[in-house]
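Descriptive analysis of the structure
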Amino acid sequence: MPTSQVKPFAIPKLLVWEAYRRVAANKGAPGVDGQDLEEFEADLGNNLYKIWNRMCSGSYFPPPVRAVEIPKPHSPGVRVLGVPTIADRIAQTVAAMFLEPLVEPRFHQDSYGYRPGRSQLDALAACRQRCWKYDWIIDLDVQKFFDSVPWDLIVRAVRAVTDCPWVLLYVKRWLAAPLQYPDGTLVQRDKGTPQGSAVSPVLANLFMHFAFDMWMTRNHPDCPFERYADDGVVHCRSRRRAEELLAAIAARMSEVGLRLHPEKTRVVYCKDGKRRGEHEYISFTFLGFTFRPRKARNGKDGSYFVSFLPAMSTEALAAKSGELRKMRIHRRTNLNLDDLAGWLNPIVAGWMAYYGRFYRTAMDPLLRRINAYLMRWAGKKYRRRLRAHRRFWRWWTGLLERQPGLFAHWKWVRAYN
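Attention here is on the structure that accompanies the text. Everything numeric here is computed off the predicted structure, so don't read it as measured data.

By the element assignment, Met216 lies in helix 9 (residues 200–219). As for Met216 and Ile70, which are separated by 146 residues in sequence, their C-alpha atoms are 33 Å apart. Not counting residues up to four positions away in its chain, the partners in contact with Met216 are Pro221, Cys223, Phe225, Val234, Leu245 and Ile249.

Let us now look at the sheet that holds strand 3 (residues 136–141). The strand order across the open sheet built from 4 strands is 6-7-3-8, with neighbouring strands paired in antiparallel fashion. Strands at the two margins of the open sheet, each flanked by one partner only, are strand 6 (225–228) and strand 8 (266–269). In this sheet, adjacent strand axes meet at a mean angle of 20° when their direction is disregarded. As paired strands, strand 6 and strand 7 (residues 231–236) are joined by 4 bridges and run antiparallel to one another. Counterpart to Arg227 in the pairing with strand 7 is Gly232. Packing of helix 5 (residues 120–133) onto the sheet brings it into contact with strand 3, strand 6 and strand 7, and relative to strand 6 it is tilted by some 160°. Lying on the sheet, helix 10 (residues 239–255) is in contact with strand 3, strand 7 and strand 8; it crosses strand 3 at an angle near 20°.

The next point concerns the environment of Lys191. Summarising the element assignment, Lys191 is placed in the loop between strand 5 (186–187) and helix 9. Between the alpha carbons of Lys191 and Ser111 there is a distance of 23 Å; along the sequence they are 80 residues apart. Apart from residues lying up to four places away in sequence, Lys191 is in contact with Asp147, Ser148, Val149 and Trp151.

For helix 12 (residues 337–355), which comprises 19 residues, the first-to-last C-alpha distance of 25 Å matches the rise-based estimate of 27 Å (1.5 Å per residue) to within 8%. Its axis deflected by about 35° at Asn345, helix 12 carries its strongest bend there, up to four residues before the proline Pro346. Among all positions of helix 12, only Leu337, Leu340, Ala341, Leu344, Asn345, Val348, Trp351, Met352, Tyr354 and Tyr355 are buried. The inward-facing, buried residues of helix 12 abut helix 5, strand 10 (289–297), strand 11 (304–312), helix 11 (314–327), helix 13 (364–381) and helix 14 (389–402). By the N-cap criterion, in which a side-chain oxygen at the helix start approaches the backbone nitrogen of a residue two or three places on, helix 12 is capped by Asn336, the distance to Asp338 being 3.1 Å.

Moving on: the layout of surface pockets. Each pocket or cavity is described by its volume, and for the second largest pocket that value is around 220 Å³. If you trace the second largest pocket, you find 14 residues lining it, with Lys50, Ile51, Arg54, Tyr60 and Ala87 closest to the centre. Looking at the lining of the second largest pocket, the elements that each hand over two or more residues are helix 3 (44–57) and helix 4 (86–103). The element that contributes the greatest number of residues to the lining of the second largest pocket is helix 3, accounting for 4 residues. Of the residues assigned to the lining of the second largest pocket, the class counts are 6 nonpolar, 4 polar and 4 charged.

Taken as a whole, this structure holds 3 cavities of 30 Å³ or more when the rule is applied. Volume-wise, the largest cavity comes out at about 70 Å³. Looking at the lining of the largest cavity, the elements with two or more residues in it are helix 9, strand 7 and helix 10. Across the lining of the largest cavity, the residue classes tally to 8 nonpolar, 1 polar and 3 charged. At the level of secondary structure, the elements contributing two or more residues to the lining of the second largest cavity comprise helix 4 and helix 8 (165–176). In the lining of the second largest cavity, the residues fall into 6 nonpolar, 4 polar and 1 charged.

The rules behind each value
- Residues numbered from 1 in each chain as written.
- Predicted model: local features only at pLDDT ≥ 70, side-chain atom pairs only at ≥ 80, totals over all residues.
- Heavy atoms only, no water.
- Helix = DSSP H or I, 4+ residues; strand = E, 2+ residues; numbered from the N terminus.
- Contact = heavy atoms within 4.5 Å.
- Pairing = 2+ DSSP bridges.
- Axes fitted to C-alpha atoms, helices over the stretch in contact; angles between N-to-C directions.
- Expected span 1.5 Å × (residues − 1).
- Bend = angle between axes of the 7 residues up to and from the residue.
- Buried < 20%, exposed > 50% of the residue type's maximum accessible area, 1.4 Å probe, protein only.
- Polar contact = N/O pair within 3.5 Å; in protein donor to acceptor, adjacent residues only side chain to side chain.
- 1 Å grid on protein atoms, 1.4 Å probe; cavity = no way out; pocket = protein on both sides within 12 Å on 5 of 7 lines; lining within 4 Å.
- Points joined across faces, edges and corners; volume = space filled by probe spheres on them.
- Nonpolar A, V, L, I, M, F, W, Y, C, P; charged D, E, K, R; others polar.

If you want it as structure tokens, here you go:
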């Protein structure tokens, strides 16, 4: 091959193709160029070749990342999400796929975020079990992690697992890509890695692996933890141990350029019916679930006792209620019952699968609200037929008898509630 055609970086074309398949499966919104997946696929071969060719030659430079405000998943409020272009998402996925087999064997067993075969529910289940064994926890909240994480330490973490020159080159370029806001304003950054980019999850996990997980394992092996990205819970035997460890963690975060949130980070007592002590804080929220003393039933004799248990948080309940309100179910009178169920059921079943995993009755207000919207929908859809109150209720209860499984939530909340 002529010297002019020799590429400095050897990146398999198959890796680019597999990266495209991942991006296509996830779909997602367009980036700053406005190109959606369908447009990209209209000239798929040429577009993938350009990505591969530029990455192999070292001439790939990422475009700005589109800044989008999105609702927080488990609480009210918004966070800024970075949306790369389709092509940049594929290029980032190439690097992420290269790094994954190198970092996965290294990662701590109690790191759950953005990892294959691990989920938020796994982290919650482990946390629940440990709260029964350990009396105290530290509720950790790293303030603005994705906006604050230092670039030099991210690159050092990547270099600790690979010396591959193209990975290091492009990680530096992706970190430095500016954010572009809807009005066209470009914001240059000197730290942080945008949430929403394809390579950010593995970079964030790799950073926290060295900054927190391994530090805890070396220095505080008596205190197990669950970490999901920048959110974590640490378990301790005593209040004194928890307070000492919290101070040590705060110092460690300062060493690596981060800061614990002063209001959201705290020591919590896992109070239940057998733990008689008192403390200012006896509840905490982790991944959309609030852990606190709750009434539980003994499966052997049916008696009740107080246990320290997770349930859907009031913040998550308010956030999902807001989503429900924006769906305008009662105005979808262009749909018939089957269409309405086909649209709603995947969404509601997803909420039930997650928030109903622990103490599912905490979801009842949300599910009953769905019924209220369905009743309003029926009243509008069949206005003439169901105008009379008695006729409406006869139709509603008859619907439950005829099709008790029509809506996913009816198996948990009775349809006439």
